Amino acid sequence: MPTISGKLIIDKDNKLCVKTQISPQNPTLYDVPLEELFESYIDKDVHVDIWPVEIRLKKGGK
Amino acid sequence: MGKKKTDTPASAGAKPAAEKGSIRFGVIGCGGRADGLTRTLMSDKRGDLLAICDIDPEQIDHYEKMAKSSLGHGTKHYTDYKDLLDNADIDAVIIATPDQWHHEMAVEAFKKKKHVFLEKPAGTNLDQNQAILKAAKASGKTLEIGYVLRYSPFYQGVRSLVQSGDIGNPLAADALEEYYGAFHFYRGWWKSKGNNGGIMIQKICHDMDLWYWIFGKPRKIVAFESLMNFKPGGWDSKAKTCNECKNHCPYYIPPEGVKASKTKSNECVYNDPHDITDNCNVLVQFESGMTMSQGMNFFNAVTRSDRFIHVVGSTGEISGWLSENMVRYDKRHGNDNDVKYLQFSTTGADGHGGGDQIQILKFLDALVEGREALAGRESAYWSSIIIMGAQMAADQNRVIDVKELTAKYPFPG
């Protein structure tokens, strides 16, 4: 089960999405619908953890 | 590239190495570690690659192709590192050979007035470490140890949170490294303590360097290590090599894969004799009185190679995994509403949390600006006091008082 972090938004199709990277190597942010995140877990018991996230450092390194 | 000075003071004798576009490097030890460093430095307009040294012609060929592709020119080739160091056109060297040669090569490089980027560890014992530091000071050249985790956004964020007082005074900490690395740790040069000083010096020197950087100087150290799993009986086979094994374990490397592996050897990770242990725990008391434990093992699931840190402070605590690039913050006397996750920036790179690529570029910064590197001589000294003190504590089965080590091995300045 991957850990997903990102801004929770409603996209232009009125879908609840997480704006997130899909791999560490690709910095592009994609709007990933929550239903896509959950569809392979339907009818399974899952653990969902939701907490607010604060972006602390805008630039890498120092 | 940032131009900010680090918090490390400038070296007394250091002068700018070169103008932009002309820091000329040589690489000694053309293996996997130097590969990424070399690619990154060649991608920066200030870095040039003049010469490479390795005893493996295939590695020379590989690096030569990299240089031609990145720089449009070839390199001079050496099989003896002393010949490379005699090349007066070279300003700086990356030394990324097996650990047992770090000391001799770094000392020689400083004698030849080269700046040195030295893969960790800085020697395999405190005698060697002291010789490297003295040679660096005498040369007036810049030393940087490959403590790449200092440059990862994750650990920079952890340090910032601790040192800014966001969790109050740090009171206690615990950390863990798990690494699915038996593929190479029980094969080739890694398997011998004589080659790398021991598991603490070879493997968790990165971590102990971070804890000096974040929590300060140590006061006392105790440590334990053992070989629990990677020994005869750990897998149902009596073969000494992969080639002869009839019951392949998860670390099996087929004959065609051996050549491409890190060690190019196929010893059985269970049955081939080795004196590197597979787990350890270090307990450090810092000068502040704070204590910290650091664990490490090779037993984790393949999906769990990672590093964890947990710091408890007087007003709050943070915990997190390097791979997730964020920490959970809990307010000490708060409730669920006070819990939040603090995410750090990503670099688009994943080697050591992104630190691999950043460090060599920051080393270039240090050379251009004529100052010490972030993981420079002072870091090499105190980090080595902790890690080599830890190995000593385990080897000698006693508590190490740091005063004993600093009296025998004072910081050369």
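Residues numbered from 1 in each chain as written. Chains lettered and ligands numbered in written order. Predicted model: local features only at pLDDT ≥ 70, side-chain atom pairs only at ≥ 80, totals over all residues.

Trainee: Could you give me a rundown of the overall build of chain B, with the residues and numbers involved?
Mentor: Counting its secondary structure elements, chain B contains 14 helices and 15 strands. Here the C-alpha atoms of chain B give a radius of gyration of 21 Å, agreeing with the 22 Å that 2.2 N^0.38 yields for 413 residues. Reported as C-alpha extents along the three principal axes, the dimensions of chain B are approximately 60 × 60 × 45 Å. Counting over 413 residues, chain B shows a buried share of 48%. (Helix = DSSP H or I, 4+ residues; strand = E, 2+ residues; numbered from the N terminus. Rg over C-alpha atoms; globule rule 2.2 N^0.38 Å. Buried ≥ 20, exposed ≤ 12 C-beta atoms within 10 Å, placed from the backbone.)

Trainee: Talk me through the nonpolar core; I want residue IDs and the actual numbers.
Mentor: Side chains of a nonpolar character, in soluble globular proteins, are inclined to be buried together. Residue and element names in this part refer to chain B. Ranked by internal contacts, the top residues of the largest apolar core, which has 118 residues, are Phe25, Val27, Ile94, Ile95, Ala106, Met200 and Ala390. Counting residues per element, this core draws most heavily on helix 13 (residues 377-396), which supplies eleven residues. Looking at which domains feed residues into this core, each of domain 1 (23-147 + 355-374) and domain 2 (150-352 + 385-406) supplies at least three. The contact partners of alanine 390, leaving out residues within four places of it in the chain, are Met200, Met208, Ile221, Ala223 and Val282. (Core = buried A, V, L, I, M, F, W, Y, C linked by C-beta atoms within 7 Å. Domains from an automatic or database assignment. Contact = placed C-beta atoms within 7 Å.)

Trainee: I'd love a proper account of the sheet that holds strand 3 (residues 76-78) of chain B, names of residues and values included.
Mentor: Residue and element names in this part refer to chain B. As summarised here, the arrangement of the six strands in space is 3-2-1-4-5-6, forming an open sheet in which the pairing is parallel. Each edge of the open sheet is held by one strand with a lone partner, namely strand 3 and strand 6 (143-145). Between one strand and the next, the sheet's axes are offset by a mean angle of 20°, whatever the strand orientation. The sheet contact formed by strand 1 (residues 23-28) and strand 2 (residues 47-53) spans six bridges and is parallel. (Pairing = 2+ DSSP bridges. Axes fitted to C-alpha atoms, helices over the stretch in contact; angles between N-to-C directions.)

Trainee: Quick one: what's the story with the domain arrangement of chain B, residue by residue and with numbers?
Mentor: Note on interface size: it is often stated as the accessible area lost on association of the parts. All names here are of chain B. What the domain assignment lists for chain B is domain 1 (23-147 + 355-374) and domain 2 (150-352 + 385-406). The gap between the C-alpha centroids of domain 1 and domain 2 is 25 Å. Among the secondary structure elements, those contributing two or more residues to the side of domain 1 that touches domain 2 are helix 1 (32-43), helix 5 (126-139) and helix 12 (355-369). Per-element tally for the side of domain 1 that touches domain 2: the top contributor is helix 12, with six residues. A per-class count over the side of domain 1 that touches domain 2 returns six nonpolar, nine polar and four charged. (Nonpolar A, V, L, I, M, F, W, Y, C, P; charged D, E, K, R; others polar.)

Trainee: Provide a residue-level description of the sheet that holds strand 1 (residues 7-10) of chain A, including the pertinent values.
Mentor: Two pairing modes exist for strands in a sheet, parallel and antiparallel, and in both the strands are linked by backbone hydrogen bonds. Residue and element names in this part refer to chain A. Spatial strand order, 1-2-3: three strands in an open sheet with antiparallel pairing. Whereas interior strands pair on both sides, the edge strands pair on one side only; in this sheet they are strand 1 and strand 3 (26-33). Ignoring which end each strand starts from, the neighbouring axes of this sheet average 40° apart. Sheet topology places strand 1 next to strand 2 (residues 16-23); four bridges connect them, and they run antiparallel. When the bridges of strand 2 are listed, lysine 7 appears paired with lysine 19.

Trainee: Give a description of helix 12 of chain B that names residues and reports values.
Mentor: All names here are of chain B. The terminal C-alpha atoms of helix 12 lie 20 Å apart, and with 15 residues this matches the ideal 21 Å at 1.5 Å per residue to within 8%. With twelve of its 15 residues buried, helix 12 lies for the most part within the structure. All buried positions along helix 12 are accounted for by Gly355, Asp356, Gln357, Ile358, Gln359, Ile360, Lys362, Phe363, Leu364, Asp365, Ala366 and Leu367. Here the buried face of helix 12 lies against strand 1, helix 1, strand 2, strand 4 (92-95), strand 5 (115-118) and strand 6. Positive backbone phi, at 65°, marks glycine 370, one or two positions downstream of helix 12. (Expected span 1.5 Å × (residues − 1).)

Trainee: Let's hear about the packing of helix 6 (residues 153-163) of chain B against helix 10 (residues 205-215) of chain B: which residues, and what values?
Mentor: Residues and elements named next belong to chain B. Following both chains from N to C, one finds helix 6 and helix 10 inclined at 30°, their axes separated by 9 Å at the closest point. Taken as axis vectors, helix 6 and helix 10 run roughly parallel relative to one another. Helix 10 is crossed by helix 6, and the crossing has right-handed handedness. Between helix 6, through Tyr155, Val158, Arg159 and Val162, and helix 10, the contact on the second element is made entirely by Leu210, Trp213 and Ile214. (Parallel < 35°, antiparallel > 145°, perpendicular 65-115°, else oblique. Left-handed = near helix turned anticlockwise from the far one by under 90°.)

Trainee: Any details on the confidence of the model for chain A? Residues and values, ideally.
Mentor: Across chain A, pLDDT averages 83, with 85% of residues at or above 70. This stretch, residues 58-62 of chain A, has a pLDDT under 50; its non-local contacts, to residues over four places away or in other chains, come to 14 contacts. (pLDDT = per-residue confidence, 0-100.)

Trainee: Can you lay out the pairing of strand 2 of chain B for me, pointing to particular residues and giving the numbers?
Mentor: On a regular strand, each side chain points to the face opposite its neighbour's, so the side chains alternate between the two faces of the sheet. Residues and elements named next belong to chain B. Where burial is concerned, most of strand 2 is hidden: seven out of the seven residues are buried. Summarising the sheet, strand 2 and strand 3 pair through three bridges and their orientation is parallel. What sits directly across from cysteine 53, in strand 3, is tyrosine 78. Handedness of the crossover joining strand 2 and strand 3 through helix 2 (residues 57-71) is recorded here as right-handed. (Right-handed = clockwise from strand over helix to strand, strands pointing away.)

Trainee: Please provide a residue-by-residue account of the environment of valine 93 of chain B, values included.
Mentor: Residue and element names in this part refer to chain B. Mapped onto the elements, valine 93 comes out in strand 4. C-alpha of valine 93 to C-alpha of phenylalanine 25: the two residues are 68 residues apart in sequence and 5.3 Å apart in space. Those residues within four positions of valine 93 in sequence are excluded, and the remaining contacts are Phe25, Gly26, Ile28, Ala109, Lys114 and Val116.

Trainee: Could you give an account of helix 4 (residues 102-111) of chain B, with specific residues and numbers?
Mentor: Residues and elements named next belong to chain B. Counting buried positions along helix 4 gives seven out of ten residues, so the element sits mostly inside the fold. Inspection of helix 4 places His102, His103, Met105, Ala106, Val107, Ala109 and Phe110 among the buried residues, and these make up the whole buried set. Buried residues along helix 4 sit in contact with strand 1, helix 3 (81-85), strand 4, strand 5 and helix 5. In the stretch just after helix 4, lysine 113 is the one whose phi turns positive, near 65°.

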